[in-house]
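# Working through the structure, step by step
These are the residues of each chain, in order.
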Amino acid sequence: MGRNSSSPPDILDGNGGPGGGNDLGAYSMRGRFPFKRNPNPSQHRDRANAFSDPPIFRSRSHHSRSNRKGLLWLFPFKGKSALYLVIMSAVFLFAMASMVLQSSITSVFRQGSERGRLLREGLKFGSTLRFVPGRVSRRIMEGGGLDRVRNQASIGVRPPRLALILGNMKKDSQSLMLITVIRNIKKLGYALKIFAVENGNARSIWEQLGDHISILVPESYSHIDWSIFEGIIVDSIEAKAAISSLMQEPFCSVPLIWIIQEDTLAKRLQVYQENGWNHLISHWKSAFSRANVIVFPDFTLPMLYSVLDSGNFFVIPGSPVDVWAAESYSKTHSKIQLRNNNGFSEDDLLVLVVGSSLFYNELSWDYAVAMHAIGPLLVKYARRKDPGGSFKFAFLCGNSTDGYGDALQDVASRLGLNHGSLRLYGLNSDVDSVLLMADIFLYDSSQDVQGFPPLLIRAMTLGIPVIAPDFPVLKKYVVDGVHGVFFSKHNPEALLRSFSLLISNGKLSKFAQTVASSGRLHAKNMLASECTTGYASLLENVVNFPSDSFLPGSISQLQQVAWEWNLFRKDMEMRTDDTPNIDERDSSLKNFSVVYTLEDELTKLAYSTNISEDESGNQEHDIPSQLDWILVKEIESSEEYERLELEELEERMERSHGVWDDIYRNARKSEKLKFEANERDEGELERTGQPVCIYEIYNGAAAWPFLHHGSLYRGLSLSTRARRSRSDDVNAVSRLPLLNITYYRDILCEIAGMFAIANKVDNVHKRPWIGFQSWRAAGRKVALSTNAEKVLEETIQENTKGDLIYFWGRLNLDGGLAGNKDALTFWSTCDIWNGGNCRTTFEDAFRRMYGLPSYVDALPPMPEDGGHWSALHSWVMPTPSFLEFVMFSRMFVDSLDALHTNFSGRNMCLLGSSELEKKHCYCRVLEVLINVWAYHSARKMVYIDPHSGSLEEQHPIEKRQGFMWAKYFNITLLKSMDEDLAEAADDDDRPTETWLWPLTGEIHWQGMYDREREERYRLKMDKKRKTKDKLIERMKSGYKQKPLGR
């Protein structure tokens, strides 16, 4: 047998004649048709020629029809007996033919490599290969969305914000899918900010959806405050650089949805495994695990990426990629020309047979079962010789070099089919050309598919009538007899009946043409609605909707959705024959992918020499082993020992100290080197003489780019690991051990850093003024400018006296209440931030703090004079005032924490609606607490514009008369309350098991001062007594000093 390798497409057609059935017979064909590419096919052909076929099989397949009448004449039966005999004979012959066909086909497709054998052992015959969602994905699938929350009362003043990061802005099917989804999501009420890794010809379309588009460069990733978004959607592998900027705190908690539609990385993962490049796999797995959800458009891609799955893979079926590819191909290719190139006439009726979309080079049981199912169909139609044309069956499976073509021709010869009636095309050939040539598309799979088969969509798009089993997923989208024809799976007779509906006089029937036309229109937008609603549902279950945002509209608002073809129609019509299709375009751009760029970078770092893609050899990593580290430590210890010995010897040797000028010069040089080596001392020197120091609070490495440098600022890290290494930042954890507990660090946020500074403040801060600023101020463009810094310093130096507070981060919400003309007040704003419970929670905590009865009003009034209030912990005040504020805040935080802790010790949050808000439960109330304290303690409040530096007093003190609750904020009362708590802590008299107050700072009261004074006095008297005892002892013993010089 010979192979015809003309391309495109690759066709495997044998030239076996009538005697071709004698080649193999019933003997095993294990050595003839290997699944993998055969490097020496001639050996297998020679081996196959050594087999012979028993003549009984030839007589059964070739002479059964000619001898049918003679056989009946031998039995003299008449009437019912003859009828029963005919029926029994037909059943027997059909069963025998099926058995022979099954044994022949399964013996042909039984071959495979060792890897195929192992795979078949794991995947038994008749089993189904399915994608099973992981733990995270199952939780999302089981989520109820926002239906329960919508029934609750909520106050929102702005739409939920989403960030969309595009890997590219090309006009392709991926952009078409995403634009359709985003356009419909915006209808539900989401606000969108679009970023892109690179520019593209689809930018104008995207600008219609998201206004201005920010093009990201490597330097800009770290200067975007991602925490202002409720969720981030990343499209494509090419946007991987943006994922890296989201892998560190404080951006780790921002929900991330990563959409992956390409298989570029999946193809390289196998290469990484074969070459042992585990560092590349670990790098990508780390990036994949950062995403809350990895979304794929079909069920095959997550299986290809399974090595990177951390339980967050999710499938939302639906993409216009197959419709796009089929329409683009049909515009640039001719069906008649393709048939002529492949040896088909215009009158031939070509039936394309396709199996499951999950293909393996070593596993073709699916096609074996398909061949057995369509055996009667082949026998009935492939033997016919109609004038002018005939039935041809083409099978699309496997690899064009796997040797299945010869096996297929053996099957054809066994069944007595016409020469050339069966063809085999490999999936590595031009699949679109095979589809375009077909007249009928027959889909038959032994496995129940999860998603709608892509090739079935392409066939329907090309206007080909389709026949498929009645799988539930197919019946979900396709109406039987309208868009296609169904048959009962594993039922050859049902398949034969369904196929006959499409045939009339050797041509396609009118019914088939109607079905094809209807199917073509239906396939164009068949999965658009499910895709759009799938993403809308996913957002409801993944995104954190804060208390101050609207809830998105119900998914039921999205009616019948269609892909936005009108935005891309012109681009598709401009395609020419020279324009590559989507598969070729992806292949031609592979060298520009971030996958290959990252592969080259990490390979250069991990290996001493570059390894090309085609090389399979491995080199050892240049990484020190445990033995290497032991040797290094031994060498260092021996060198240290020798150095100490030399120093001791030099000290014992007499040497000249040199000239005084040299000694002085060396001393100054050593002092200079000492300060250069210690940057903290250098920072202290820079701040010498400064009246104020502003501590910038941060809690993660991703916040470093937002911090300032200079003598005015100093970093304050809430985490030891997140502290900048080469800086004099204050480690809040070392000053306040409470921050070692993650729970308290999360619920207290920035005010915990203030508690750390106030704890023994003289050890870290010795200046008359102190200030704080959250890293978020720089991220939201409200940090002090250079001009504002200068104005602030000059104002403080001129007005050294006075109890006042300067603030530049003001309380403000985006927009206002729709249809509400009333201005937002301080407490209404606080309610919006805290799930509507700010007033009640603040009042209860205030009442508990001061021990007020229930009938007394405990909510401090705040004026509605239109002035600004402080936010983002961005303010400056005198250091004594700061300590007074910390004293008040510690007691308030303790009272607030007691409200949220029930008797069982389990914590709850009354101040948040989303999971992220509950995690940082107290943060939003404590952010505005400074306003209540400053207003009612009669502090002068001055707003400084962060950009211009202009000063403006807010809420003048003379206008506060009659509104201030000065008695509750009096320093004498606060000190007495603080002493009472300190005495209880000193006596270990805990009001609750989880008493927070003693853990937030210093504990001092008069009793402790007295006890410390008594202890010092006791030590002093003990020292005097011991000195006196020594003197008396000397006098008693008569100790006399011996004279010198004897």
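Note: the structure precedes this text.
Below is a short write-up of the structure. Position numbers for residues count from 1 along each chain, tracking the sequence in the order it is written. In view of the model being predicted, local features appear only for residues whose pLDDT reaches at least 70, and side-chain atom pairs are presented and counted only at 80 or more, with totals across whole chains, interfaces and linings using the full set of residues. Side-chain metrics in this entry use all non-hydrogen atoms of the structure; hydrogen atoms and water are not considered.

All right, on to the sheet that holds strand β23 (residues 940–944) then. Read across the sheet, eight strands follow the order β19-β18-β17-β20-β22-β21-β23-β24 without closing on themselves; strand pairing throughout is mixed. Both outer strands of the open sheet, β19 (730–731) and β24 (951–954), are each paired with one neighbouring strand and no more. By the bridge criterion, two bridges tie strand β18 (residues 713–717) to β19 in an arrangement that is parallel. Bridge pairing links S717 to N731 in β19. Where helix α35 (residues 786–798) meets the sheet, it contacts β17 (692–698), β18, β20 (769–774), β21 (804–807), β22 (875–878), β23 and β24, and its direction lies at approximately 170° from that of β21. Contact definition: two residues touch when any of their heavy atoms are within 4.5 Å. Fitted lines through C-alpha atoms give the axes, limited to the stretch in contact for helices. The angle between two N-to-C directions lies from 0 to 180 degrees. Each helix corresponds to a stretch of at least 4 residues labelled H or I by DSSP, and each strand to a stretch of at least 2 residues labelled E; elements are numbered beginning at the N terminus. Each of β20 and β22 is contacted by helix α38 (residues 879–899), which is oriented at about 105° to β22, the strand it contacts most. A pair of strands is treated as paired once DSSP finds two or more bridges between them.

Disulfide: a pair of cysteine sulfur atoms within 2.5 Å of each other. In the structure shown here, the tally under the stated rule is three disulfides. One disulfide in the model links C909 with C921; its S-S distance is 2.2 Å. Its torsion about the S-S bond being 95°, the disulfide of C909 and C921 is classed as right-handed. Of the two residues, C909 sits in the loop between α38 and α39 (915–919) while C921 sits in the loop between α39 and α40 (923–927), which places them 12 residues apart along the sequence. Each member of the pair C909 and C921 is classed as buried. Once the bonded cysteines of the protein are numbered in order along the sequence, the disulfide links fall as 1-6, 2-3, 4-5. Exposure classes here rest on a 1.4 Å probe applied to the protein chains alone. A residue is buried below 20% of its type maximum, exposed above 50%, and partly exposed in between.

A carboxyl oxygen of Asp or Glu within 4 Å of a side-chain nitrogen of Lys or Arg is what we treat as a salt bridge. Applying the stated rule across the entire model yields 30 salt bridges. The shortest N-O distance in the salt bridge between R714 and D728 comes to 3.8 Å. You can see R714 sitting in strand β18 and its partner D728 sitting in the loop between β18 and β19, a full 14 residues away along the chain. Like D728, R714 is buried. Notably, a salt bridge pairs D1022 with R1018, separated by 3.1 Å at the nearest N-O pair. Linking D1022 with R1018, this pair stays in helix α43 (residues 1006–1037), spanning four residues, or about one helical turn. Residue classification places D1022 among the partly exposed residues on the basis of a relative accessible area of 23%. By relative accessible area, which is 41% here, R1018 ends up partly exposed. Taken together, the shared-partner salt bridges connect R158, E230 and D548 into one network.

Time to look at the nonpolar core. Ranked by internal contacts, the top residues of the largest apolar core, which has 85 residues, are L164, W206, L352, F441, F452, Y535 and L538. Setting aside chain neighbours within four positions, we find L164 in contact with L178, I182, L192, K193, I194, F195, W206 and I233. Working definition of a nonpolar core: buried Ala, Val, Leu, Ile, Met, Phe, Trp, Tyr and Cys residues. They are joined through side-chain atoms within 4.5 Å. Ranked by size, the runner-up nonpolar core spans 82 residues in total, among them A756, M891, V932 and A982.

Moving on to helix α11 (residues 264–275). Because each turn of an α-helix spans 3.6 residues, side chains separated by three or four positions in sequence point in the same direction. What a helix is expected to span follows from its residue count: subtract one and scale by 1.5 Å. With 12 residues, α11 should cover 16 Å at 1.5 Å per step; its first-to-last C-alpha distance of 17 Å lies within 8% of that length. Turning to α11, its buried residues are T264, L265, A266, R268, L269, V271, Y272 and N275. Directly beyond the C-terminal end of α11, a positive phi value near 75° is found at G276.

With that out of the way, let us pick up the packing of helix α14 (residues 321–332) against helix α20 (residues 454–461). One way to put it is that α14 packs onto α20 with a least axis distance of 8 Å and a crossing angle of 45°. Taken together, the axes of α14 and α20 are oblique relative to one another. For α14 against α20, the interelement crossing comes out right-handed. Touching D322, V323, A325, A326 and E327 of α14 are P454, I457, R458 and T461, all from α20. Throughout, the ten residues Ala, Val, Leu, Ile, Met, Phe, Trp, Tyr, Cys and Pro are labelled nonpolar, Asp, Glu, Lys and Arg are labelled charged, and all others, Gly among them, are labelled polar. The residue inventory of the contact of α14 with α20, partitioned by class, reads five nonpolar, one polar and three charged. Angular relationships are summarised with four words: roughly parallel below 35 degrees, roughly antiparallel beyond 145, roughly perpendicular across 65 to 115, and oblique for the angles in between. Left-handed describes a crossing whose near helix is turned anticlockwise from the far helix through less than a right angle; right-handed describes the clockwise counterpart.

For any pair of aromatic rings, the description rests on two quantities: the centre-to-centre distance and the angle between the ring planes. Only rings of Phe, Tyr and Trp enter the pairing, Trp through its six-membered ring, and a pair is recorded when the two centres are within 6.5 Å. The plane angle decides the type: under 30 degrees is stacked, over 60 is edge-to-face, the rest tilted. Under the counting rule described, the total for this entry stands at 42 aromatic pairs. Ring centres 6.4 Å apart and planes at 50° place the aromatic pair F131 and F299 in the tilted group. Taken together, the residues span a long stretch of sequence, with F131 in the loop between α5 (114–122) and α6 (135–142) and F299 in the loop between β7 (293–296) and α13 (301–304) at a distance of 168 residues. With relative accessibility at 9%, the residue F131 sits in the buried group. Ring geometry for Y850 versus Y968: centroids 5.1 Å apart, planes at 65°, classification edge-to-face. Residue Y850 is found in helix α37 (residues 838–850), and its partner Y968 is found in the loop between β24 and α42 (971–986); the two are separated by 118 residues along the sequence. Y968 carries the same exposure label as Y850, and that label is buried. Here the aromatic residues F826, W827, F842, F846, Y850, W869, F888, F892, Y935, W965, Y968 and F969 are joined through ring pairs into a cluster of three or more. Should the NZ of a Lys or the CZ of an Arg lie within 6 Å of a ring centre and within 35 degrees of the ring normal, that charge is described as sitting over the ring. Across from the ring centre of F195, 5.7 Å away, lies the NZ or CZ of K193, which sits over that ring. Of note, R890 hangs over the ring of W997, and the distance from its end group to the ring centre comes to 4.4 Å.

In this analysis, a patch consists of residues with relative accessible area above 30% that form no salt bridge, clustered at 9 Å for like charges and at 5 Å for the nonpolar side chains Val, Leu, Ile, Met, Phe, Trp and Tyr. Only the protein chains shown count as cover for residues, and the accessible areas themselves come from Shrake-Rupley with a 1.4 Å probe. Where nonpolar side chains cluster on the molecular surface, the patch consists of L627, I630 and L631 and spans about 270 Å² of accessible area. Secondary-structure assignment places L631 in helix α28 (residues 626–652).

We now examine a negative patch on the surface. We treat Lys and Arg as the positive residues and Asp and Glu as the negative residues; His and chain ends play no part in the count. For this purpose, a charge sits on NZ of Lys, CZ of Arg, CG of Asp or CD of Glu. Together, E636, E639, E642, E645 and E648 make up a region of like negative charge exposed at the surface. Within the secondary structure layout, E648 lies in helix α28.

Moving on to the packing of α38 against helix α41 (residues 929–936). For the pair α38 and α41, interaxial distance at closest approach is 11 Å and the crossing angle is 120°. The angle between the axes of α38 and α41 places the two elements in the oblique class. Of the two possible hands of crossing, α38 and α41 adopt the one that is right-handed. Between α38 and α41, the contacting residues are S881, E884, F885, F888, S889 and F892 on the first element and L929, I930 and W933 on the second. For the contact of α38 with α41, a count of residues per class yields six nonpolar, two polar and one charged.

A few words on unusual backbone geometry. Across the junction of E249 and P250, the peptide omega takes the value 10°, indicating a cis bond. When you line up the elements, P250 lands in the loop between α10 (240–244) and β6 (256–259). The phi dihedral of S236 falls on the positive side, at around 85°, and the residue is not glycine. Inspection of the secondary structure puts S236 in the loop between β5 (231–235) and α10. Unlike most non-glycine residues, A938 shows phi in positive territory, near 65°. If you trace the backbone, A938 turns up in the loop between α41 and β23. A938 sits in the partly exposed class, given a relative accessible area of 34%.

On to the side chain of D897. With respect to the element layout, D897 can be found in helix α38. Although D897 lies buried, it forms no salt bridge, and the closest oppositely charged side chain, R848, sits 8.7 Å away as judged by the N-O distance. Beyond its immediate sequence surroundings of up to four residues, D897 is in contact with Y744, I747, Y922, T994 and L996.

Turning to its location among the elements, D865 is positioned in the loop between α37 and β22. A C-alpha to C-alpha distance of 8.9 Å links D865 and T825, two positions 40 residues apart in sequence. Polar side-chain contacts of D865 include one of 3.1 Å to the backbone nitrogen of G867. Any N or O atom pair separated by 3.5 Å or less is treated as a polar contact, with the protein-specific requirement of one donor-capable and one acceptor-capable atom, and with residues adjacent in sequence counted only for side-chain atom pairs. At 2.8 Å, the side chain of D865 and the side chain of H955 are in polar contact.

Right, let's talk about the environment of L474 for a bit. Structurally, the position occupied by L474 is in helix α21 (residues 472–477). The buried category is assigned to L474, whose relative accessible area is 1%. Each C-alpha atom, one on L474 and one on F486, is 9.0 Å from the other, the two residues being 12 residues apart in sequence.

In spatial order, the strands read β4-β3-β2-β5-β6-β7-β8; together these seven strands make up an open sheet with parallel pairing. The outermost strands of the open sheet, each flanked by one partner alone, are β4 (213–215) and β8 (313–315). Across the sheet, the axes of successive neighbouring strands diverge by a mean angle of 25°, strand direction being ignored. Here strand β2 (residues 161–166) runs beside β5; their pairing, made up of five bridges, is parallel. Paired with L166 across the two strands is D235, which belongs to β5. The strands touched by helix α9 (residues 203–210) within the sheet are β2, β3 (191–196) and β4, with β4 carrying the most contacts at an inclination of about 125°.

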